[in-house]
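The lines below spell out each chain.
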Amino acid sequence: MKKEELMAIIEQRIRECQACPLWLQRTNVVPGEGNLHSPIMFVGEGPGEEEDKQGRPFVGKAGQLLTKILESVNIKREDVYITNVVKCRPPNNRVPTPLEIQSCSPFLIAQIEVINPRMIVPLGSTAASFFLGKDEPITKIRGKEFVWKGGIIIFPMFHPSYLLRNPSKEKGSPKDLTWQDIKKVRKYYD
Ligand code: URA
C-alpha cells in the first residue's frame, strides 16, 4: 500500500477516536499534515484554539512562527510533516494528561511508521518526553541529538509558543538558540 493510503486509514481512525475524554470537547480533530516522504517530522504538544477550529496543526500564532523558523533555512512547511502528540485540543490549552497521551500514542507511532523519517523534532517538553521517556527541562535537551528505536534521530527544539513568550533575540536567548538549531535540522533535510 502507498504511504498516502496508509495515512488516510490512520486519519480515519483518528477522526473516529473516542479513546479519551478529549473527543467530547473538540470542534475538529487535528491529525497532522505535510509531506509523507519528508525525512523530517515536527511533533508539537496538542492542537490549540485555532487548530481546533481549522482541523490543521500549527496554524495559529505559534504555527506562523514555526513557518518563519522553517523558512529561515528555506524549508516550506508543506515540505515537512507536522503533527502533535495528542490530536484533540485539551481544554484551555492545558498540558495533555498522561492518560490522554497514552490513549493517543498509537496514532503518532503509526504516523511515524508510515513516514519513516530520518529525524523527529519534538517541539517543547511534552513532545520531547514522549520520545525520551523522561521529564528533562527543554533548556537542557534542546539542540541535542538522541537516538530512538534504534535509528531515528530525536532533536528537541523549543516550542514556538515559548518563543512567543520570550521574544528577545539576544545571543543565547531561546530565539537565538532556535535559529541555530534549525540550521542543524536543515542538514538532515537534504
Ligand atoms: N501548539 C501545539 O503544540 N500544536 C499545535 O498544533 C499548535 C500549537
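Residues numbered from 1 in each chain as written. Predicted model: local features only at pLDDT ≥ 70, side-chain atom pairs only at ≥ 80, totals over all residues.

**Q** How should I be thinking about the overall build of the chain in this particular structure?
**A** Helices and strands together make up the secondary structure of the chain, namely eight helices and six strands. Mapped from its N terminus to its C terminus, the chain presents α and β elements in the order α-β-β-α-α-β-α-β-α-α-β-β-α-α. Computed over the C-alpha atoms, the radius of gyration of the chain is 15 Å, within 12% of the 16 Å expected from 2.2 N^0.38 for a compact globule of 190 residues. Referenced to the eigenvectors of the C-alpha coordinate spread, the extents of the chain come out at roughly 45 × 40 × 30 Å. A buried classification covers 41% of the 190 residues belonging to the chain. Taking the contacts inside the chain whose residues are at least 6 apart along the sequence as the reference set, 70% of them involve residues at least 24 apart. (Helix = DSSP H or I, 4+ residues; strand = E, 2+ residues; numbered from the N terminus. Rg over C-alpha atoms; globule rule 2.2 N^0.38 Å. Buried ≥ 20, exposed ≤ 12 C-beta atoms within 10 Å, placed from the backbone. Contact = placed C-beta atoms within 7 Å.)

**Q** Please explain the sheet that holds strand 1 (residues 33-34) as it appears in this structure.
**A** Paired through their backbone hydrogen bonds, the strands of a sheet run either parallel or antiparallel. Read across the open sheet, the six strands follow the order 1-3-2-4-6-5; overall the sheet is mixed. Looking at strand neighbours, the two that pair on one side only are strand 1 and strand 5 (146-148), the edges of this open sheet. Taken together, the three bridges between strand 5 and strand 6 (residues 152-154) define a ladder with antiparallel strand orientation. Within strand 6, the position partnered with V147 by the bridge is I153. (Pairing = 2+ DSSP bridges.)

**Q** Sorry if this is basic, but what is going on with the pairing of strand 4 (residues 119-122) here?
**A** Within a regular beta strand, the side chains point alternately toward one face of the sheet and then the other, so they alternate between its two faces. Judged by which residues are buried, strand 4 turns out to be covered on both faces: M119 and V121 on one side and I120 and P122 on the other are all buried. Bridge count for strand 2 (residues 40-44) against strand 4 is four bridges, and the pairing is parallel. Considered in strand 4, the bridge of F42 is made with V121. Across two bridges, the pairing between strand 4 and strand 6 is parallel. Note on strand 6: the bridge partner recorded for I120 is I154.

**Q** Looking at this model, I keep getting lost on the nonpolar core. Mind explaining?
**A** General note: in soluble globular proteins, nonpolar side chains tend to be found buried as a group. Counting 38 residues, the largest nonpolar core has M41, F42, V43, V80, V85 and V121 as the members making the most contacts within it. When contributions to this core are tallied by element, the ones reaching two or more residues are strand 2, helix 3 (61-71), strand 3 (81-84), helix 4 (98-115), strand 4, helix 5 (125-132) and helix 8 (174-189). Apart from residues lying up to four places away in sequence, F42 is in contact with V80, I82, V121 and L123. (Core = buried A, V, L, I, M, F, W, Y, C linked by C-beta atoms within 7 Å.)

**Q** Can you help me understand the packing of helix 1 (residues 3-16) against helix 4 in this one?
**A** In contact at an axis separation of 10 Å, helix 1 and helix 4 are set at 175 degrees when each is read in the N-to-C sense. If you check the angle between helix 1 and helix 4, you find them roughly antiparallel. When helix 1 is examined against helix 4, the residues K3, L6, M7, I10 and I14 are found in contact with a partner set consisting of F107, A110, Q111 and V114. The class makeup of the residues in the contact of helix 1 with helix 4 is seven nonpolar, one polar and one charged. (Axes fitted to C-alpha atoms, helices over the stretch in contact; angles between N-to-C directions. Parallel < 35°, antiparallel > 145°, perpendicular 65-115°, else oblique. Nonpolar A, V, L, I, M, F, W, Y, C, P; charged D, E, K, R; others polar.)

**Q** Can you walk me through the UniProt feature "domain: Uracil-DNA glycosylase-like" (unreviewed entry) in the chain in this structure?
**A** Under the UniProt annotation, the feature "domain: Uracil-DNA glycosylase-like" (unreviewed entry) is placed at residues 31-183. The span residues 31-183 is 41% helical and 14% strand by assignment, and the distance between its end C-alpha atoms comes to 27 Å. (UniProt positions renumbered as here; feature names shortened; annotations may be inferred.)

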